[in-house]
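# Observations on chain architecture
Listed below, chain by chain, are the residues.
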Amino acid sequence: MSGGTAEESSSSGSSSACDPGLVDCSGDCIDPATDFDYCGATAPCVVDPGVDCDNITQICLDGSCSPCELRYNFESSPNDVGSTLSWTAQGTWDVYAGAPIVPQNNFVLFLPDQAYGNTGQDNTGGEPENSTVTTPGILLGDTLAFYSWNVDRGGDNFGGRDNKIIEIFDGAWTPIVNCGTDLNGSAALPMCQWVMGPRTGDNWDYIVLDTSLWSGQFVQIRITYDTVDPQIGFEQGWYINDLRVGECGPSSTH
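Conventions used here
Residues numbered from 1 in each chain as written. Predicted model: local features only at pLDDT ≥ 70, side-chain atom pairs only at ≥ 80, totals over all residues. Heavy atoms only, no water. Salt bridge = Lys/Arg side-chain N within 4 Å of Asp/Glu carboxyl O. Helix = DSSP H or I, 4+ residues; strand = E, 2+ residues; numbered from the N terminus. Buried < 20%, exposed > 50% of the residue type's maximum accessible area, 1.4 Å probe, protein only. Patch = residues over 30% accessible without salt bridge, like charges linked within 9 Å, V, L, I, M, F, W, Y side chains within 5 Å. Areas by Shrake-Rupley, 256 points an atom, 1.4 Å probe, with all protein chains shown as cover. Pairing = 2+ DSSP bridges. Axes fitted to C-alpha atoms, helices over the stretch in contact; angles between N-to-C directions. Phe/Tyr/Trp six-rings, centres within 6.5 Å; stacked < 30°, edge-to-face > 60°. Disulfide = S-S within 2.5 Å. Core = buried A, V, L, I, M, F, W, Y, C linked by side-chain atoms within 4.5 Å. Contact = heavy atoms within 4.5 Å.

Right, let's get into the pattern of salt bridges. Under the definition given, this model contains 5 salt bridges. With a closest N to O distance of 2.0 Å, Glu235 and Arg153 form a salt bridge. Residue Glu235 is found in the loop between strand E17 (218–226) and strand E18 (237–245), and its partner Arg153 is found in the loop between strand E13 (143–151) and strand E14 (163–169); the two are separated by 82 residues along the sequence. Just as Glu235 is buried, Arg153 falls in that class too.

This is the structure:
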């Protein structure tokens, strides 16, 4: 997000055009105490642009990037956030340290930590794989955000190969993403794009989905991965990390 708390500057590049307490950064008047992209910036911003806070794991609080409360980070440590023990998974949905070796791509170690995902291969190492993971009831906010990593056909292709679907249950299942049908413009999402690899383990896409229709409600989330065809060549699956539900606020867990 860029300049989310900013007011448009009437004179690009001039900090004097901004209201007191705001700083001109790239033509926007930002609040350096809260802005994710220019946290702690001072005028002139081109000299001191502050810090670019991580959109999921951090919040700009009083001019400093501070830990943000996550719902799930898929780690197995004393500081683990959330638990997947009550998640209902089919197929190869699980916590992984990396993506598997395949004929055209080597094993990839995820950095900086583990992720939750699906290898795109069944338990015998073959395809097709069509499986889901369903969460228990979760209090949802205006957004559902996470990091995504995929090496596959993306789903936005003829036949919907390696399709990705995300649904919300509040009495009935409602899809909010379907790469194969371009639901809600989902084909534009990076996770819906064809990625051949090789791809490094620190190269993650940031995904933000609008869940404002369910804000303040306890809902279930169901994620489906459908390879459609039985071919394995370059595909290493789809994985998510640092899943956040609701608005980012000061951490109560770290």
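Here the narrative resumes, following the displayed structure.
On the surface, a cluster of nonpolar side chains totalling about 420 Å² of accessible area is made up of Ile101, Phe107, Leu109 and Leu111. Of note, Leu111 is situated in the loop between strand E9 (108–109) and strand E10 (115–118).

In this section: the sheet that holds E18. Within the open sheet, the 5 strands sit side by side as E7-E10-E18-E13-E16. Their pairing is antiparallel. With partners counted over all chains shown, the strands left at the sheet margins are strand E7 (94–96) and strand E16 (205–210), one partner each. Ignoring which end each strand starts from, the neighbouring axes of this sheet average 40° apart. Across 6 bridges, E13 lies against E16 in antiparallel orientation. Residue pairing across strands places Phe146 opposite Ile207, the latter belonging to E16.

Another point: the packing of aromatic side chains. By the definition in use, this model includes 16 aromatic pairs. Between Phe74 and Trp87, the ring centres sit 5.8 Å apart and the planes meet at 85°, which makes this aromatic pair edge-to-face. In this pair, Phe74 sits in the loop between strand E5 (64–67) and strand E6 (88–89) while Trp87 sits in the loop between E5 and E6, placing the two residues 13 residues apart along the sequence. Each member of the pair, Phe74 together with Trp87, is buried. Between Tyr147 and Tyr206 the ring centres are 5.8 Å apart and the planes differ by 45°, which places this aromatic pair in the tilted class. On the criterion of sequence distance, the pair formed by Tyr147 in strand E13 and Tyr206 in strand E16 is long-range, its members being 59 residues apart. We classify Tyr147 as buried; its relative accessible area is 14%.

The next point concerns the state of the cysteines. In total, this model carries 5 disulfides according to the counting rule given. Paired through a disulfide, Cys53 and Cys65 show a sulfur-sulfur distance of 1.9 Å. Looking along the S-S bond of the Cys53-Cys65 disulfide, the torsion reads about -90°, which is the left-handed sense. Separated by 12 residues along the polypeptide, Cys53 in the loop between strand E3 (28–30) and strand E4 (58–61) and Cys65 in strand E5 bring together distant segments of the chain.

Looking now at the nonpolar core. Among the nonpolar cores identified, the biggest contains 29 residues, and Ile166, Met191 and Leu209 are the most heavily contacted of them. For this core, the secondary structure elements donating two or more residues are E13, E14, strand E15 (173–178), E16, E17 and E18. Ignoring anything within four residues of it in the chain, the contact list for Ile166 reads Leu144, Phe146, Thr174, Pro175, Ile176, Val177, Met191, Leu209, Ile221, Arg222, Ile223 and Trp238. Ranked by size, the runner-up nonpolar core spans 12 residues in total, among them Val108, Trp149, Phe234 and Tyr239.

By themselves these figures say nothing about function.
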